[in-house]
Amino acid sequence: MGVWEFIQDQVLGMKWLNELIGNVLSMLGVDIAGRVGGSVQFFIYDVLKITVLLCFLIFAISYIQSYFPPERSKRILGRFHGIWANIVSALLGTVTPFCSCSSIPLFIGFTSAGLPLGVTFSFLISSPMVDLGSLVLLMSIFGAKVAIIYVVVGLIIAVIGGTIIEKLHMEKHVESFIMSAGGVDIESPDLTRRERVIYAKEQMLGTFKKVFPYILVGVGIGALIHNWIPESWIEAVLGSNNPFGVILATLVGVPMYADIFGTIPVAEALLSKGAQLGTILSFMMAVTTLSLPSMIMLRKAVKPKLLALFIGICTVGIIIVGYLFNAFQFMLI
């Protein structure tokens, strides 16, 4: 086993943990080859694996994030213009909140501060869809190649989406209270290393408490798919024989509310049952970017025409990505 394969399987994938849980359950008389026993093993393993990765990632990313408070992020974005501003904004979204609902307040703040609307939308698209946490978690299941391409494609959607909104001059479709609020420059004090660690710990605990119920639900659904739903059903709906699988997965994902950590176990189970890679990724992107609660929040900040444009751009981009990944799946897995 090569070094990278070891990292992929034993460090990120934690296959040793799955074997350990299987051995313990077998010692307790549980038939892990059966549906019930297999579901129990899947549930315990995925909850523990995702929890460990989640806590480590949120702590590390929050520590990095402590160097980029909103006012500093605004100043960084203000230095760039044109397509470069959209690219930097999309990249900045990778080190910020984990779900669309927590990204929207930052989007409102950036827009109020006078940053170009297209730039703030590039941030809004990339922040929930692509983050460092999703990169590591996707690597643990799909491998480095798929994870890196997913992140790159997500950033491309964010940049293109923001650029389209910028070119269409949609400022009049932002609610007036946001455009007239103005920005207040507040210099954030330099934090000590200890203060950054405390901040990262608080962020980790706060995010974990908020996200953990979705992990339990996601793993529960994943265990159900993994051990109870026949492969033939999944292949018929989300496999290569259904040309509308990507569109269906995207539309099913939109009304849901979860984040990357809640959708990972569902994606893992679907892949093992024969669903196509691009179809799974479209589902994940739709859930994390276009959840119904976040769209309701966003409607408070923008008018229906701009909201519809945002949803349309994201939906089309997600569907295109799904079909591209399906077309090249044989090269990626």
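Counting restarts for each chain, with residues numbered from 1 along the sequence as it is written. Reporting of local features is limited, given that this is a predicted model, to residues whose pLDDT is at least 70; pairs of side-chain atoms are given and counted only at 80 or more, and all residues count toward the totals for whole chains, interfaces and linings. Side-chain metrics in this entry use all non-hydrogen atoms of the structure; hydrogen atoms and water are not considered.

What the chain contains, in helices and strands, is 18 helices and zero strands. In terms of C-alpha radius of gyration, the chain reaches 21 Å, essentially the compact-globule figure of 20 Å for 333 residues. If one aligns the C-alpha atoms of the chain with their principal axes, the spans along those axes are about 65 × 50 × 35 Å. Within the chain, the fraction of its 333 residues that count as buried is 52%. In the chain, once contacts between residues fewer than 6 apart in sequence are set aside, the share between residues at least 24 apart is 84%. Carbon together with sulfur atoms contributes 71% to the accessible area of the chain, which is approximately 15400 Å² in total. In this description a helix means any DSSP run of H or I spanning at least four residues, a strand means any run of E spanning at least two, and both kinds are numbered starting from the N terminus. In this description the radius of gyration comes from C-alpha coordinates, and the expected globular size is given by 2.2 Å times residues to the power 0.38. Burial classes follow relative accessibility: with a 1.4 Å probe on protein chains only, a residue under 20% of its type's maximum area counts as buried, one over 50% as exposed, and anything between as partly exposed. Throughout, a contact is declared for two residues whenever any of their heavy atoms are within 4.5 Å. Note on areas: Shrake-Rupley, 1.4 Å probe, and residue coverage restricted to the protein chains presented here.

Time to look at the side chain of serine 39. Here serine 39 shows up in helix 3 (residues 35–65). Discounting chain neighbours no more than four positions away, the residues touching serine 39 are Ala223, Asn227 and Trp228.

On to the environment of serine 126, then. With respect to the secondary-structure elements, serine 126 resides in helix 7 (residues 117–129). The exposure class of serine 126 is buried, given its relative accessible area of 0%. Taking the C-alpha atoms as reference points, serine 126 and glycine 161, 35 residues apart in sequence, are found 9.9 Å from one another. Beyond its immediate stretch of four places on either side in the chain, serine 126 contacts Ser89, Ala90, Gly93, Thr94, Leu155 and Ala158.

What follows is about unusual backbone geometry. Within the chain, histidine 169 stands out as a residue other than glycine whose phi angle is a positive 50 degrees. By secondary structure assignment, the location of histidine 169 is in the loop between helix 9 (144–167) and helix 10 (176–179).

With that out of the way, let us pick up the pattern of salt bridges. Any carboxyl oxygen of Asp or Glu that lies within 4 Å of a side-chain nitrogen of Lys or Arg is treated as forming a salt bridge with it. Throughout the structure, instances matching the rule amount to two salt bridges. The closest approach of N and O atoms between glutamate 268 and lysine 49, which form a salt bridge, is 3.7 Å. Within this pair, whereas glutamate 268 is found in helix 14 (residues 260–272), its partner lysine 49 is found in helix 3, the two being separated by 219 residues in sequence. Taking relative accessible area as the criterion, glutamate 268 reaches 17% and is therefore assigned buried. Between arginine 299 and glutamate 175 there is a salt bridge, with its nearest N and O atoms 3.1 Å apart. With arginine 299 in helix 16 (residues 292–299) and glutamate 175 in the loop between helix 9 and helix 10, the pair connects residues that are 124 residues apart, well separated along the chain.

For helix 13 (residues 245–253), the full list of buried residues reads Gly245, Val246, Ala249, Thr250 and Gly253. Buried positions in helix 13, seen along its axis, are confined to an arc of 130 degrees and lie on one side of it. Next to the buried residues of helix 13 lie helix 12 (231–238), helix 15 (277–289) and helix 17 (304–327). What the arc describes is the spread of directions from the helix axis to the C-beta atoms.

Below, the discussion takes up the packing of helix 9 against helix 17. Two measures define how a pair of helices packs: the angle their axes make with one another and the distance between the axes. Where helix 9 meets helix 17, the axes come as close as 10 Å, and the angle between the chain directions of the two elements is 150 degrees. On the basis of the axis angle, helix 9 is roughly antiparallel to helix 17. The handedness of the crossing between helix 9 and helix 17 comes out as right-handed. Residues Val146, Ile149, Tyr150, Val153, Ile157, Gly161, Ile164 and Ile165 of helix 9 form the contact with helix 17, whose participating residues are Leu306, Leu309, Ile313, Gly317, Ile318, Val321 and Phe325. Residue classes in the contact of helix 9 with helix 17 are distributed as 13 nonpolar, two polar and no charged. Here the axes come from fitting lines to C-alpha atoms, over the contacting stretch only for helices, and the angles between their N-to-C directions go from 0 to 180 degrees. Orientation labels follow simple angle bins: below 35 degrees gives roughly parallel, above 145 gives roughly antiparallel, 65 to 115 gives roughly perpendicular, and whatever is left gives oblique. Crossing handedness is read from the near helix: turned anticlockwise from the far helix by less than a right angle, it gives a left-handed crossing, and turned clockwise, a right-handed one. Each residue is assigned to one of three groups, with Ala, Val, Leu, Ile, Met, Phe, Trp, Tyr, Cys and Pro labelled nonpolar, Asp, Glu, Lys and Arg labelled charged, and all others, Gly among them, labelled polar.

This paragraph deals with the confidence of the model for the chain. Low-confidence regions, as indicated by low pLDDT, have predicted coordinates that should not be scrutinised in detail. pLDDT measures how confident the predictor is about each residue, on a scale from 0 to 100. Per-residue confidence for the chain gives a mean pLDDT of 82; residues scoring 70 or more make up 91%. Across residues 183–187, confidence stays below pLDDT 50; counting only partners more than four residues off in sequence or on other chains, it has six contacts.

A few words now on a nonpolar patch on the surface. Like-charged residues are merged into a patch within 9 Å and nonpolar side chains (Val, Leu, Ile, Met, Phe, Trp, Tyr) within 5 Å, provided each residue has over 30% relative accessible area and no salt bridge. A contiguous nonpolar patch, built from Val36, Val40, Phe43, Ile44, Leu48, Leu216, Leu224 and Trp228 and spanning about 640 Å² of accessible area, is present on the exposed surface. Among the secondary structure elements, those contributing two or more residues to the nonpolar patch are helix 3 and helix 11 (193–228). Ranked by the residues each element gives to the nonpolar patch, the list is headed by helix 3, at five residues. Mapped onto the elements, leucine 48 comes out in helix 3. Under the relative-accessibility criterion, leucine 48 is labelled partly exposed at 40%.

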